[in-house]
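Chain by chain, the residues:
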There are 2 protein chains.
Amino acid sequence: MHSDVVASRSAEHRDSRESRTGGGPQLDAVSLAIIEQLQEDGRRPYAAIGKAVGLSEAAVRQRVQKLLDQGVMQIVAVTDPLTVGFRRQAMVGVNVEGDVESVADALTAMSECEYVVMTAGSFDLMVEIVCEDDDHLLDVINRRIRAVPGVRSTESFVYLRLKKQTYMWGTR
Amino acid sequence: MHSDVVASRSAEHRDSRESRTGGGPQLDAVSLAIIEQLQEDGRRPYAAIGKAVGLSEAAVRQRVQKLLDQGVMQIVAVTDPLTVGFRRQAMVGVNVEGDVESVADALTAMSECEYVVMTAGSFDLMVEIVCEDDDHLLDVINRRIRAVPGVRSTESFVYLRLKKQTYMWGTR
DNA sequence: CGCCAAGGCTGCGAAATCCGCAAGTCTCGG
DNA sequence: CCGAGACTTGCGGATTTCGCAGCCTTGGCG
């Protein structure tokens, strides 16, 4: 029944929290299936999940708890920012001279920066900004981001319309 | 004994120029508070939420259900794509000739496009792509996206490292 | 002004779920 | 051969969910 499950549980708990790029702790097919269930409905009962993935309720409970503890997934409410009062969003491309990492850390510390990623290409960093209004956005971009040491230049892409936003990784 | 949060029940006369893009029902302070609770923990019991926002368990349940039905929020599991087997991600800027909307729709229909937004700036669209490997990414960008009628050019920013990814809108 | 419908809230049992725990199985490695 | 880890089954008790019957307030309307 739950046979195809057997995967590598060898290097499960590696200490490296930095391993993002290299691929994190291996997840077997069952954990993947559990995550998919919770991506459809974060409040689905453990018993129902167990039935769907071929595990007992207790086992699902344990695995979910572990996935949460390990930080592999989190169960949260997500909203459209516009409906909760954030009227301006923008993607900002950043060019850096010197240490990209330290700039990224500085941006990460800003609450308005919802998403920070280091990239290859004509930008070193891409940052998604969520603001309440134009003034707020202007302040963040021109005064805060450009004030970070090492930031050479920025280019902004103000959001006109959000067309798609999914959280269905692994559900394909 | 209603509490602190409920204070502004009758004073919700803020200038509600509802912005079009997200449109949607005005959220009062209580619903906001409920959302914040669920952003911290999507599985938090209704009774606990009620205690926190000053409402009964049943009332919280009804409001949450309505928020879900209305599509204002969804409760889901979110993960780091890298830990679930998607090793290549990229942000792609797209320039369009002709109808931007129809191109956006075409991209939205692709399962690999996790995030699609229409922007102002040197790109008409920004698209986040989630792929399993380099071949997959190459295929999506060069063969699928560029094949969409109206796409004039694209520029890719391959993710090197995800530094921050939050879902705490409204929790500031 | 009085009446009524609608929406939102509370309170309350009943059903379902969560949670911890114990005992037994199975597999993998040392 | 034995221990560790993961899973299962089973089981209560605590907690949570859920449906429903009121209650109150608001707003429309004759």
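Residues numbered from 1 in each chain as written. Chains lettered and ligands numbered in written order. Predicted model: local features only at pLDDT ≥ 70, side-chain atom pairs only at ≥ 80, totals over all residues. Heavy atoms only, no water.

In screw terms, the move from chain A to chain B is a rotation of 180° and a rise of 0.1 Å along the axis, fitting with an RMSD of 0.2 Å. The superposition operator between the copies reduces to a two-fold rotation axis. When the interface residues of chain A are mapped onto chain B, 95% of them again fall at the interface, so both copies present the same face. (Least-squares fit on C-alpha atoms with pLDDT ≥ 70 in both. Contact = heavy atoms within 4.5 Å.)

Right, let's get into the side chain of K164 of chain A. Among the structural elements, K164 of chain A can be located in strand β5 (residues 151-165). Although K164 of chain A is buried, it makes no salt bridge; E112 of chain B carries the closest opposite charge, 7.7 Å away. In contact with K164 of chain A, other than residues within four places in its own chain, are T108, M110, S111, C113, E114, Y115 and V116 of chain B. (Helix = DSSP H or I, 4+ residues; strand = E, 2+ residues; numbered from the N terminus. Buried < 20%, exposed > 50% of the residue type's maximum accessible area, 1.4 Å probe, protein only. Lys, Arg positive; Asp, Glu negative; His and termini not counted. Salt bridge = Lys/Arg side-chain N within 4 Å of Asp/Glu carboxyl O.)

The next subject is the UniProt feature "domain: HTH asnC-type" (unreviewed entry) in chain A. With numbering aligned to this structure, UniProt lists the feature "domain: HTH asnC-type" (unreviewed entry) at residues 27-87 of chain A. The annotated region residues 27-87 of chain A carries 56% helix and 11% strand content, and the separation between its end C-alpha atoms amounts to 38 Å. (UniProt positions renumbered as here; feature names shortened; annotations may be inferred.)

This part is about the protein's contact with DNA strand C. The immediate surroundings of DNA strand C are formed by P45, Y46, E57 and R61 of chain A together with R43, L55, S56, A58, A59, Q62, R63 and K66 of chain B. Of what DNA strand C places within 4 Å of the protein, 63% of the atoms are sugar or phosphate. Between DNA strand C and Y46 of chain A, the relevant distance is 3.1 Å, taken from a phosphate oxygen to a main-chain nitrogen or oxygen of the residue. For DNA strand C, a base nitrogen lies 2.9 Å from a polar atom in the side chain of R61 of chain A. (Near = heavy atom within 4 Å. Polar contact = N/O pair within 3.5 Å; in protein donor to acceptor, adjacent residues only side chain to side chain.)

The local shell around DNA strand D consists of R43, G54, L55, S56, A59, R63 and K66 of chain A together with P45, Y46, E57 and R61 of chain B. Counting only atoms of DNA strand D within 4 Å of the protein, the sugar-phosphate share comes to 58%. A distance of 2.9 Å separates a phosphate oxygen of DNA strand D from a polar side-chain atom of S56 of chain A. For the surface near DNA strand D, the elements supplying multiple residues, two or more each, are α3 (57-70) of chain A together with α3 (57-70) of chain B. A per-element tally of the surface near DNA strand D places α3 of chain A first, with three residues. For the surface near DNA strand D, the per-class residue count stands at four nonpolar, two polar and five charged. (Nonpolar A, V, L, I, M, F, W, Y, C, P; charged D, E, K, R; others polar.)

Attention now moves to the nonpolar core. Counting 40 residues, the largest nonpolar core has L38 and M73 of chain A together with I34, L38, V53, V60 and M73 of chain B as its most contacted members. For this core, the secondary-structure elements that each account for two or more residues are α1 (29-40), α2 (46-53), α3 and β1 (73-79) of chain A together with α1 (29-40), α2 (46-53), α3 and β1 (73-79) of chain B. When residues in this core are grouped by element, the largest group, six residues, is from α1 of chain B. Not counting the four nearest positions on each side in its chain, L38 of chain A is found in contact with R44, I49, V64, M73 and I75 of chain A together with R43, I75, V76 and A77 of chain B. (Core = buried A, V, L, I, M, F, W, Y, C linked by side-chain atoms within 4.5 Å.)

Applying the stated criterion across every chain yields a total of 19 salt bridges over all chains. Notably, a salt bridge pairs R63 of chain A with D28 of chain A, separated by 2.4 Å at the nearest N-O pair. Residue R63 of chain A is found in helix α3, and its partner D28 of chain A is found in the segment before α1; the two are separated by 35 residues along the sequence. Look at R63 of chain A and you get partly exposed, because its relative accessible area is 22%. Taking the relative accessible area as the measure of exposure, D28 of chain A reaches 13% and is therefore buried. Via salt bridges that share partners, E101 and D105 of chain A together with R161 and K163 of chain B belong to a single interconnected network.

Next up on the list: the interface of chain A and chain B. The partner chain B presents 73 residues to the 75 residues of chain A that form the contact. Buried surface at the junction of chain A and chain B, both sides included, amounts to about 7,200 Å², of which 54% is carbon and sulfur. Counting every contact that joins chain A to chain B gives five salt bridges. Counting across the chain A and chain B interface gives 37 residue pairs in polar contact (both at pLDDT 80 or more). Every element with two or more residues in the side of chain A that touches chain B is listed here: α1, α2, β1, β2 (88-96), α4 (100-108), β3 (113-120), β4 (125-131) and β5 of chain A. Among the elements that make up the side of chain A that touches chain B, the one with the highest residue count is β5 of chain A (11 residues). A breakdown of the residues in the side of chain A that touches chain B according to their chemical character gives 38 nonpolar, 20 polar and 17 charged. (Buried area = accessible area lost by both parts, 1.4 Å probe.)

Our next topic: the pairing of β1 of chain A. Across the seven residues that make up β1 of chain A, a large majority, six, are buried. Sheet topology note: the β1 of chain A/β1 of chain B ladder contains seven bridges and is antiparallel. Residue pairing in the sheet places T79 of chain A in a bridge with M73 of chain B of β1 of chain B. (Pairing = 2+ DSSP bridges.)

Take the sheet that holds β2 of chain A next. Strand pairing in a sheet relies on backbone hydrogen bonds. The paired strands run either parallel or antiparallel. One closed barrel holds the eight strands; their spatial order is β2(A)-β4(A)-β3(A)-β5(B)-β2(B)-β4(B)-β3(B)-β5(A), and the pairing between them is antiparallel. In this sheet, adjacent strand axes meet at a mean angle of 35° when their direction is disregarded. Relative to β4 of chain A, helix α5 (residues 134-145) of chain A is tilted by about 145°, and along the sheet it contacts β2, β4 and β5 of chain A. The strands touched by helix α4 (residues 100-108) of chain B within the sheet are β5 of chain A together with β2 (88-96), β3 (113-120), β4 (125-131) and β5 (151-165) of chain B, with β3 of chain B carrying the most contacts at an inclination of about 165°. (Axes fitted to C-alpha atoms, helices over the stretch in contact; angles between N-to-C directions.)

A few words now on α1 of chain B. Its 12 residues place the ends of α1 of chain B 17 Å apart at the C-alpha level, agreeing with the 16 Å of an ideal helix rising 1.5 Å per residue. Buried residues dominate α1 of chain B, accounting for nine of its 12 residues. Within the span of α1 of chain B, buried status applies to V30, S31, L32, A33, I34, I35, Q37, L38 and Q39 of chain B. Against β1 of chain A together with α2, α3 and β1 of chain B lie the buried residues of α1 of chain B. Sitting at the amino-terminal end of α1 of chain B is D28 of chain B, which places a side-chain oxygen 3.1 Å from the backbone nitrogen of V30 of chain B. (Expected span 1.5 Å × (residues − 1).)

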